[in-house]
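Letter by letter, the chains look like this.
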Amino acid sequence: YCARLLKSKGIIVFLELAKLNPNSKFLIFGSIDSSSKDSLTKNDILIFSRKYKNVSFINNKLNPLLYKKINYPVLIVPSIYGEGFPRGIIEANTLSIPVISSKEAAEKIPIRNICYINKKHNISGYEKCINKLTKEYFSGKLYLKLENAKEKAIMNFSEKKIVEDTMELYEYLNKKR
């Protein structure tokens, strides 16, 4: 989990998944947002840390997906927050880290088939995504899916591509004057 610790960004859903998967390690990169009533509090974190022994609250770290060495990482994005584009999905894709996402977060990405999507935003939907990912890992399909996601992410969302597209838009707008 890489986001502010907001309920609408799915932190409670993430914790419920940890509860259902006690043999897996769940890492939370993110901080409290004291300006939001939707945020976990320090006391919540203390309670959840005691309740979920397989969960580690790590706070904000620079590039957590890049530097954290994990044998089988999966980024889970259970957000229903009214945000734009969840950058963490593309960052994970470029690092060949599989992503399980809510439908709400994934539908804002203009390319398809780069993550496992829970269309119903419930715990059983996330469990189905985990099972599908595991099945594809053992069948060898996951490797191909990750390579495809990485290629699409780099091709469509590199800084170079974004700058080129932005400059093209500015040129178009200048001609409209």
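Residues numbered from 1 in each chain as written. Predicted model: local features only at pLDDT ≥ 70, side-chain atom pairs only at ≥ 80, totals over all residues. Heavy atoms only, no water.

Engineer: With reference to specific residues and values, describe the packing of aromatic side chains.
Structural biologist: As enumerated under the stated definition, the model contains five aromatic pairs in all. Between the aromatic rings of tyrosine 1 and phenylalanine 14, the centroid separation amounts to 5.5 Å while the plane-to-plane angle is 50°, which identifies the pairing as tilted. Here phenylalanine 14 lies in helix H1 (residues 11-20) and tyrosine 1 lies in the segment before H1, a separation of 13 residues in the sequence. According to the relative accessible area criterion, tyrosine 1 is buried, its value standing at 5%. For the pair phenylalanine 14 and phenylalanine 26, a centre-to-centre distance of 5.3 Å together with 75° between the ring planes defines the contact as edge-to-face. Within this pair, whereas phenylalanine 14 is found in helix H1, its partner phenylalanine 26 is found in strand S1 (residues 26-28), the two being separated by 12 residues in sequence. Summarising the burial analysis for this pair, phenylalanine 14 and phenylalanine 26 share the class buried. Site record: aromatic cluster; members linked through ring pairs are Tyr1, Phe14 and Phe26. For the cation-ring pair, lysine 145 lies above tyrosine 116, with the distance from its terminal atom to the ring centre recorded as 3.8 Å. (Phe/Tyr/Trp six-rings, centres within 6.5 Å; stacked < 30°, edge-to-face > 60°. Helix = DSSP H or I, 4+ residues; strand = E, 2+ residues; numbered from the N terminus. Buried < 20%, exposed > 50% of the residue type's maximum accessible area, 1.4 Å probe, protein only. Lys NZ or Arg CZ within 6 Å of the ring centre and 35° of its normal.)

Engineer: How would you summarise the pattern of salt bridges if you had to cite specific residues and measurements?
Structural biologist: By the definition in use, this model includes four salt bridges. The closest approach of N and O atoms between arginine 4 and aspartate 33, which form a salt bridge, is 2.5 Å. Of the two residues, arginine 4 is situated in the segment before H1 and aspartate 33 in the loop between S1 and helix H2 (42-51); the sequence distance between them amounts to 29 residues. Given a relative accessible area of 31%, arginine 4 falls into the partly exposed group. Overall, aspartate 33 belongs to the buried group, its relative accessible area being 13%. The shortest N-O distance in the salt bridge between glutamate 164 and lysine 160 comes to 4.0 Å. (Salt bridge = Lys/Arg side-chain N within 4 Å of Asp/Glu carboxyl O.)

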